[in-house]
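Geometric and topological summary
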Amino acid sequence: MSSVIFVGAGPRAAHLNTRRGAAAIARADIVVWAASLVHPDVLQHARPDAEVVDSSQLPMEGVLPLYERAAREGLVVARIHSGDPALWGAVGEQVTECRRLGIDVEIIPGVSAFTALAAAEQLELTVPEVNQSVILTRLEGGKTPMPDGESVRAFAGHGSTMAIFLSAARSKQLQDELLVGGYPPDTPVVVGYQITWPDELIVRCTVGTLEETTKAHRLWKHTLFLVGRGLAAHGDAHTTRSHLYHPGHFHGFRRADRAARRELKGSG
């Protein structure tokens, strides 16, 4: 039976592809990948006789004939996406076309660049009583219009941790929007380029020096920004510990220590 499997291959490096994703690539008759975004090592999972198509220079109309042929001939297509297919991957419109063609669809999640960057820097993005929300977004004014009410400036007003994609080429505008939105100039920023690739670059700065740092390293694509005061909270003596692992916390698999429970309840 014909099918299209959307594989989240992780943040560019082949070793962060999942076992499920590798297995999907291995059974595919046609493997579609973007050389501009996905490391070629991912193709090591493809069968020797598989048809491999580089989609980096193809519009959607160039990929759809492959899905149409798969529907006619009962083929399996593995469509490899960088990161996770749910984020900025144009998966929705592809799924619509597959359903129109009567093709089975499977989506295999992948590691997103923002979690890979956090892991590389040994960061927790949801620090108790500092940040409990993470906003994934990009700077408005790019190729795809942003809906009304969605802007970096508006999101900055929440003071939450932000992961900002697809915005390095306009670092001055990004810095200005973050500042006007309410982040203090000394708010920590982690800048990640080509995360998990051999030429990976990770630098730290602040919102007030974001433009200067980005331009100094000549970053304009494949770059991600993590922003928020929680990025500097690790090891802070004033940071409240998580209740989840406190001996006074209980759940279906663990009883609370009574003394610790009283202490926890007393702390609010």
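Presented here is a report on the structure given in the accompanying data block. (Residues numbered from 1 in each chain as written. Predicted model: local features only at pLDDT ≥ 70, side-chain atom pairs only at ≥ 80, totals over all residues. Heavy atoms only, no water.)

Here 5 strands make up an open sheet; going across it, the order is 3-2-4-1-5 and the pairing parallel. Both edges of this open sheet fall to strand 3 (51-54) and strand 5 (104-108), since each of them pairs with a single strand only. Each neighbouring strand pair of the sheet contributes to a mean axis angle of 15°, computed without reference to strand direction. Pairing analysis gives 5 bridges linking strand 1 (residues 3-8) to strand 5, with the strands arranged parallel. Bridging from a neighbouring strand, Ser3 pairs with Asp104 of strand 5. Contacts from helix 2 (residues 60-73) reach strand 1, strand 2 (30-33), strand 3 and strand 4 (76-81), with the element oriented near 150° to strand 4. (Pairing = 2+ DSSP bridges. Helix = DSSP H or I, 4+ residues; strand = E, 2+ residues; numbered from the N terminus. Axes fitted to C-alpha atoms, helices over the stretch in contact; angles between N-to-C directions. Contact = heavy atoms within 4.5 Å.)

On to the pattern of salt bridges. Close approach of charged atoms allows side chains with opposite charge to pair. On inspection of all chains with the given rule, the structure shows 10 salt bridges. Where Arg100 meets Glu97, a salt bridge forms, and the shortest distance between an N and an O atom there is 2.7 Å. Highlighted residues: Arg100 and Glu97, both in helix 3 (residues 91-100), separated by 3 residues, approximately one helical turn. On the basis of relative accessibility, which here comes to 54%, the residue Arg100 falls in the exposed class. Across the pair Glu121 and Arg204 runs a salt bridge, and its minimum N-O distance is 3.0 Å. Of this pair, Glu121 sits in the loop between helix 4 (113-120) and strand 6 (134-138) while Arg204 sits in strand 9 (residues 201-206), placing them 83 residues apart in sequence. The exposure class of Arg204 is partly exposed, given its relative accessible area of 45%. Within the structure, one salt-bridge network assembled from shared partners comprises Arg20, Arg27 and Glu106. (Salt bridge = Lys/Arg side-chain N within 4 Å of Asp/Glu carboxyl O. Buried < 20%, exposed > 50% of the residue type's maximum accessible area, 1.4 Å probe, protein only.)

Attention now goes to helix 6 (residues 171-181). Looking at helix 6, one finds that the buried residues are Ser171, Leu174, Gln175, Glu177, Leu178 and Gly181. Around the axis of helix 6, the buried residues are gathered within 165° of arc, so they sit on the same side. Where helix 6 is buried, its residues contact helix 5 (152-156), strand 7 (161-165), helix 7 (210-216) and strand 10 (223-227). Positive backbone phi, at 130°, marks Gly182, one or two positions downstream of helix 6. (Arc of directions from axis to C-beta.)

Turning to the packing of helix 2 against helix 3, a few remarks are in order. Two elements in contact, helix 2 and helix 3, have axes separated by 11 Å at closest approach and are oriented at 35°. Seen along the crossing, helix 2 lies across helix 3 with a hand that is right-handed. Contact with helix 2, carried on its side by Met60, Leu64, Tyr67 and Glu68, involves Glu93, Gln94, Glu97, Cys98 and Arg100 of helix 3 and no other residues of that element. A per-class count over the contact of helix 2 with helix 3 returns 4 nonpolar, 1 polar and 4 charged. (Left-handed = near helix turned anticlockwise from the far one by under 90°. Nonpolar A, V, L, I, M, F, W, Y, C, P; charged D, E, K, R; others polar.)

This part takes up the sheet that holds strand 6. Strand order in the open sheet formed by 5 strands is 6-7-10-8-9, with mixed pairing between adjacent strands. If you trace the sheet from one side to the other, it starts and ends with strand 6 and strand 9, each paired once. Direction aside, neighbouring strands of the sheet carry axes that sit 20° apart on average. Pairing of strand 6 with strand 7 involves 5 bridges; the strand directions are parallel. Opposite Ile135, over in strand 7, you have Met162 as the bridge partner. Those strands touched by helix 4 are strand 6, strand 7, strand 8 (188-193), strand 9 and strand 10, and its axis lies near 65° from that of strand 10.

Turning next to unusual backbone geometry. Among all residues except glycine, the phi angle is most often negative; among peptide bonds, the trans geometry is most common. Non-glycine residue Gln194 carries a positive phi angle of around 50°. Relative to the helices and strands, Gln194 is located in the loop between strand 8 and strand 9. If you check the backbone angles, His222 has positive phi at about 55° while not being a glycine. On the secondary structure map, His222 appears in the loop between helix 7 and strand 10.

On the secondary structure map, Asp84 appears in the loop between strand 4 and helix 3. Arg20 provides the closest opposite charge to the buried, salt-bridge-free Asp84, at an N-O distance of 9.9 Å. Among the polar contacts listed, one links the side chain of Asp84 to the backbone nitrogen of Ala86, at a separation of 2.8 Å. A polar contact of 3.1 Å, which involves the side chain of Asp84, links it to the backbone nitrogen of Gly110. (Lys, Arg positive; Asp, Glu negative; His and termini not counted. Polar contact = N/O pair within 3.5 Å; in protein donor to acceptor, adjacent residues only side chain to side chain.)

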